[in-house]
Amino acid sequence: MDFELSEDRRMLRESLSRWLADRYPPDHRLKVAYDAPFHDPALWSELADLGVLLAMATEDAGGFGGSGFDISVIFEALGAALCPEPVLGALLVSRLLAAAGQDQSGLLDGSVRWALAVGEPDAPWSLDRIATQARGGRLTGRKALVYGGNDADRFLVVARDGDRLSVHEIAASDAEVVGFGTIDGGGAADVILSDTPARLVLDDAGKAIQSALDAGRLALCAEAVGVMDASFAALLDYLRQRKQFGRAIGEFQALQHRAADLAVEIEQARSITLLAASRLDGEGAARMVSMAKNLIGRVGRQVAEECTQMTGGIGVTWDYHPAHLTKRLVMIDHQLGDTDWHLQQVMAGIRA
Amino acid sequence: MDFELSEDRRMLRESLSRWLADRYPPDHRLKVAYDAPFHDPALWSELADLGVLLAMATEDAGGFGGSGFDISVIFEALGAALCPEPVLGALLVSRLLAAAGQDQSGLLDGSVRWALAVGEPDAPWSLDRIATQARGGRLTGRKALVYGGNDADRFLVVARDGDRLSVHEIAASDAEVVGFGTIDGGGAADVILSDTPARLVLDDAGKAIQSALDAGRLALCAEAVGVMDASFAALLDYLRQRKQFGRAIGEFQALQHRAADLAVEIEQARSITLLAASRLDGEGAARMVSMAKNLIGRVGRQVAEECTQMTGGIGVTWDYHPAHLTKRLVMIDHQLGDTDWHLQQVMAGIRA
Amino acid sequence: MDLNFTPEELAFRDEVRAFLRESLPLDISDAVRRGGELGADILSRFHALLNGRGWLGYVWPRDHGGTGWNAIQRHIFEEEMAAADCPRILPFGVNMLGPVLIKFGSEAQKSHYLPRILDGTDWWCQGYSEPGAGSDLASLRTRAVRDGDDWVLNGQKTWTTLGQYANRIFVLARTRADGKPQEGISFFLVDLDNPGIEMRPIRLLEGGHEVNEVFFTDARIPADALVGEENQGWTIAKYLLTHERTNIAGVGRSYRALAQLKDLARQTMRDGRPLIDDPLFAARLAEVEIDLEAMNILNLRMLDQAQKRGQPGAETSMLKIKGSVIRQEISDLARRVLGPAAAPFPGSAPDNLALLPEDAVNNAADYFNMRKMSIYGGSNEIQRNILTKAVLRL
Amino acid sequence: MDLNFTPEELAFRDEVRAFLRESLPLDISDAVRRGGELGADILSRFHALLNGRGWLGYVWPRDHGGTGWNAIQRHIFEEEMAAADCPRILPFGVNMLGPVLIKFGSEAQKSHYLPRILDGTDWWCQGYSEPGAGSDLASLRTRAVRDGDDWVLNGQKTWTTLGQYANRIFVLARTRADGKPQEGISFFLVDLDNPGIEMRPIRLLEGGHEVNEVFFTDARIPADALVGEENQGWTIAKYLLTHERTNIAGVGRSYRALAQLKDLARQTMRDGRPLIDDPLFAARLAEVEIDLEAMNILNLRMLDQAQKRGQPGAETSMLKIKGSVIRQEISDLARRVLGPAAAPFPGSAPDNLALLPEDAVNNAADYFNMRKMSIYGGSNEIQRNILTKAVLRL
């Protein structure tokens, strides 16, 4: 047992965090996250130059990392800085290209922006309800909330051919990409496919897709942990500084105890994310990831709502950076399966 | 709209509360509630002489009350005193005898103790799963947790004949009655029927049984409100008197806020019980009673656990009367449908 | 004991219901149902509609142009407005300043200002909270200094709701520096056109512009802008806050939001079935419905008590706490029900994006916006402090 | 980063597991699984079993008859005991007094008492809490006054767990009246056979006899009963409480209880289906399982930190809070799963009543009994105070 990060990962974390603090301070983030293209393309390139994308892929796939802990270290740092760059899409696509044994150098060096189109309006999270059809090299269907899709060059698209799921590559210019900004910052798109020409990347791809989604869910959990840490640190600052009735509100025991409960829950969230990271490519990964995403959903809502409540009026204002942290924390639950959906995956496992 | 009790009910409440304070103080209750027959037969007679049983029946049935508010006033007072007398069984049976138009003077004057045998081990609460069979004037099956059954003279028994439910009368001496004391005080029994001779009281009795159970559930809700009030009053006393770190623990804000939350929830519980009482014999009674019993279950557990926690060590000891209040509060959830079962009844209504 | 309305109350309810059904413009109820911000036009037109019927001064006595309704009638009126998807009546003039002027104002103030509240000439906003004085209102620092016939105002107010549409503001300001902080405060009526007053928007976390900061820099206001006596402001402020608590439970709004939520959960397909058939979602829905049914009765009980006592007691803090929590829980479910469709920034989504029922496009924004309900008007923490002292007596 | 045990740790685990599988008598594991009270016989035999293997002093250094295990080994040992349905090792002698004597005791005390703890000659109980000094231990009032060669003890202790089986008690008593309350306390070893000591049972709410009150009335104890220096008791008490916190998360016990609960929910038919297929019940079960999986890792993280620092930090308060809440939540579900069958008073049910699996007869009693977990050893409220100061630094 060893809870220390390896030297490599510690360096990765430190260089990424330093870069984020330097290049993505709250005011810059606020400027780019809510206006098209909802991220900063120049900083995307810098991020790639930093090796962050390479660290998400294994050596076989042309990278130098790719384990659960690599992913969690990166996304925790991105979360703490509330970075709106579309790294999640790159991760999901990278896992699938690796499964297909395809070259992904353009992805890893940041020169081509990729996104994964998987969920659909009536089936946002369950693979067995995917309705997009692949027939004769063409795709028809509608994909919802493709994160980063508003500014992607290329997409991988999950489609159905009878009972089997397959993965296809399309050019953004060949589909109708309806981009939009999201309430928590960053961009996304619906992708409308009608007889859209596509290249088959992976056939009979159920397992590979599941594995990519596991990685994406782990990434969201780690991101949430980073957001929680930043959110909680801001709360403690506020409790120390804000005075009411002649003393710092952090001296009021009712708030102290609620803050202590948050500290416990955040450590629980961190712990289950570590566990999911350690199991990512092993047996039972999907179940462990669902456990993590469920707990992250529960704790995330609690942390977001309590931090907002305890920071009072200021906590609900746009110009107070931590308000954006709480928004992101809540909205993470809308990505790749919400609290209840993941709980039901775990329940199915208990009954079995 | 009028939230005042009528003069009659106020008098009933006052005379019953005075009698309970006088005749059923905590030490006497403790003496009888945990030793066979788990109540005080002499006090049972006094309770009947007081007119409490008569107040649960309508004038048509030989009583002088019988509305939801009569029931709630009585059981709230019984709950506050933690009275272990088997009044619930009398109420349930009275409603069914009234539905059958049968004389119940022995029940109402307290000379014959009745209990209702309805739930079964694998189907404690759902009428459509009752398995006890009625055939040729004889009953076969097993009834579980018949409250007051350990010391009843006669039973009404709910049985199935094909699709229809019917109600039958048996003498206690004709069945195997396995009496026991309960963890929260008072007595109950399993009733084992094997070709037990029975008299048909009510055929095609589904609606009448549902209505009797509605009344019983309302009674349990009102009892719980009485228990909560007593429990909360004891908590406030403790918070005022107990000193730690040189001051009354009621001065600690964390406890103050939790106590304030309990006050809110208890008023919510009282409110929904009033609503259920007002709807008892009207349309949608079962749904409203399920709403009440669900909320009572949730609030009851919260009040019980918080009162125990905040009274610390003393709160988990046998000689501290309020500890028995918290036990009763928790165990009410095991009678006539628990929190989840009633929630599912409400859910079915929402889907419909 | 009778939880039903009397025949007279039912007749009153039907009268209100019929009026709203016949007279409320569709574009107004549609906008309310859709959530998000309502503009000045809708709010003004709604006030005018009620004023035309003589109902805008629904908490005022008859001889000041009000309805003279009792507490039950007011309650029924508020519930029916909610059920019909009416906007809120703007409380700053009607529910707050009106009663204050009626009780503390001079004859000249009453005759000048009260009609202007009803006919829409004046749109009032509130100058109570300050950056350093929220829950702890007595510590406010805005100063009013007498200078000849005028008062000179300096300081800053915040959380001024819809101040961007207002032409007047009522202001609490310190008029004496020494003594207990509560004893040196006065209550002023201020024309926002005066020089030295600047209103700046505060953007809320979901993106909306609902509140403002107001800066006073040597703003001169005339002597007759003072309401009541000098240094009587704390008494007036507390009286006003009592009236702010009208309809604090918001039961009618919550019923309406719950009904919309159920409709949406019936329409929303998730993994092959309507979301309302998902047992976990249905359980959350059922629990909040039960809580709301209970609170409806709790609200009526408190109303009954208030009517008997002549004014609401500290128990209304219970309504504030539970009312906000229930409304927030409904807004949480309304956000969850959308799944990924909750993501778009309101107003940012292109037309060909929205597969959502139109009423749901603001659900996520409303969830964030409604976090304020447990913060403003005395946070739920302050309400628990009040309950501790006044009800639990700890 | 590696969350797995090393090969050496796995080998150690297998060794413990094999020993318990081969040596633990079935009647002992059956009794543990059934819940409720365990008698002195079972507890003593279990101690003897471990002592025979040399493992009873599992938190002691080798040269005092212990194992010399590190924190990970102790953890593995505790988890394996829980998984095998072992009773708890009685902590009063082994985990509390032993380490205190090793650090603060005289050579004579060590050589006399330590072996007697291991071989079962002495059964120790605890004299810490008093009726007026629970969470606020420093306010204790039991006095020890020097009289010739003896100390004379007067006062009352409470919450003395299993004192009815003990022959000795360690006692904190006040030996100086002036100065800070913490500075006038001493730590004594007392023979319960001394005159002037009376032990009275405290019955717990579920009916069990697990704790006692102890009354000291002019009880004379010899001078060499003092551990460490006079008035050094507070330092010793705090050292002891640190060791009391071993295995505070109780992860192994909770895993075992959860497994039993799942079995029971699979067997229990409710309205035509196993209760484990009821979505609301299954959701509660899944949530607590997830919480427990998280806490297992949290526990290992803190263990790792403690090992590196040499002693546990204030973060262990997190384990106390969450560990008790999780264990209580499992006990709540274990009560619910029974429905009406939870009602009988334990032991009162006639033989022909019990349709319950034998392991479940104490589920309701255990639910009530386990309320104490968030109260004793520093209530969860005290733990939150500790976190506030030491971790949040508020």
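What counts as what
Residues numbered from 1 in each chain as written. Chains lettered and ligands numbered in written order. Predicted model: local features only at pLDDT ≥ 70, side-chain atom pairs only at ≥ 80, totals over all residues. Heavy atoms only, no water. Domains from an automatic or database assignment. Contact = heavy atoms within 4.5 Å. Buried area = accessible area lost by both parts, 1.4 Å probe. Salt bridge = Lys/Arg side-chain N within 4 Å of Asp/Glu carboxyl O. Helix = DSSP H or I, 4+ residues; strand = E, 2+ residues; numbered from the N terminus. Axes fitted to C-alpha atoms, helices over the stretch in contact; angles between N-to-C directions. Parallel < 35°, antiparallel > 145°, perpendicular 65-115°, else oblique. Left-handed = near helix turned anticlockwise from the far one by under 90°. Nonpolar A, V, L, I, M, F, W, Y, C, P; charged D, E, K, R; others polar. Core = buried A, V, L, I, M, F, W, Y, C linked by side-chain atoms within 4.5 Å. Buried < 20%, exposed > 50% of the residue type's maximum accessible area, 1.4 Å probe, protein only. Phe/Tyr/Trp six-rings, centres within 6.5 Å; stacked < 30°, edge-to-face > 60°. Lys NZ or Arg CZ within 6 Å of the ring centre and 35° of its normal.

1. Considerations on the domain arrangement of chain A
Residues and elements named next belong to chain A.
Stage number 1. Its domain assignment divides chain A into domain 1 (7-108), domain 2 (114-203) and domain 3 (207-348).
Stage number 2. One C-alpha centre belongs to domain 1, the other to domain 3; they are set 20 Å apart.
Stage number 3. Counting residues at the interface gives 20 residues for domain 1, matched by 30 residues for domain 3.
Stage number 4. Carbon and sulfur atoms make up 75% of the surface buried where domain 1 meets domain 3, a total of about 2000 Å² over both sides.
Stage number 5. Counting the surface domain 1 buries against domain 3, the share from its top three residues, E76, L82 and R95, is 25%.
Stage number 6. With a shortest N-O distance of 3.8 Å, R270 and E76 are connected by a salt bridge.

2. Quick look at the pattern of salt bridges
Stage number 1. Counted by the stated rule, this structure contains 112 salt bridges over all chains.
Stage number 2. Among the ionic pairs, R384(C) bridges to D261(B), the shortest N-O distance being 2.8 Å. With R384(C) in helix α12 (residues 380-392) and D261(B) in helix α8 (residues 253-279), the pair connects residues from two separate chains.
Stage number 3. Across the salt bridge formed by R301(C) and E267(B), the nearest N and O atoms sit 2.6 Å from each other.

3. Let's talk about the packing of helix α4 (residues 71-83) of chain C against helix α8 (residues 251-267) of chain C
All names here are of chain C.
Stage number 1. Put simply, α4 and α8 touch, their axes get as near as 8 Å, and they point 25 degrees apart. Viewed along their axes, α4 and α8 adopt a mutual orientation that is roughly parallel. Of the two possible hands of crossing, α4 and α8 adopt the one that is right-handed. Judged by residue contacts, E79, M81, A82 and A83 of α4 engage V251, G252, R253 and R256 from α8.
Stage number 2. Among the residues forming the contact of α4 with α8, the class breakdown is four nonpolar, one polar and three charged.

4. A closer look at the nonpolar core
Stage number 1. In terms of nonpolar packing, the biggest core is built from 442 residues, with F75(A), F75(B), F170(C), F187(C), F170(D) and F187(D) touching the most fellow members.
Stage number 2. With residues near it in sequence (within four places) discarded, F187(D) still touches L97(D), V100(D), Y128(D), F170(D), V171(D), L172(D), A225(D), L226(D), V227(D), G233(D), I236(D) and L240(D).

5. Here's the deal with the packing of aromatic side chains
Stage number 1. Scanning the entire structure with this criterion turns up 36 aromatic pairs over all chains.
Stage number 2. Judged by centre distance (5.6 Å) and plane angle (70 degrees), the ring pair of Y113(C) and W124(C) falls under edge-to-face. Taken together, the residues Y113(C) in helix α6 (residues 107-119) and W124(C) in strand β1 (residues 124-127) connect sequence positions 11 residues apart. For the pair Y113(C) and W124(C), a shared accessibility class is recorded, and that class is buried.
Stage number 3. A centroid spacing of 5.6 Å and a plane angle of 10 degrees characterise the contact between F170(C) and F187(C), whose relative ring orientation is stacked. Placement of the pair is F170(C) in strand β4 (residues 168-174) and F187(C) in strand β5 (residues 185-191), with a sequence separation of 17 residues.
Stage number 4. Of the residues examined, F187(C) reaches a relative accessible area of 0% and is grouped as buried.
Stage number 5. Directly above the ring of F104(D) sits K103(D), whose terminal nitrogen or CZ lies 5.9 Å from the centroid.
Stage number 6. For the cation-ring pair, R203(D) lies above W318(B), with the distance from its terminal atom to the ring centre recorded as 3.8 Å.

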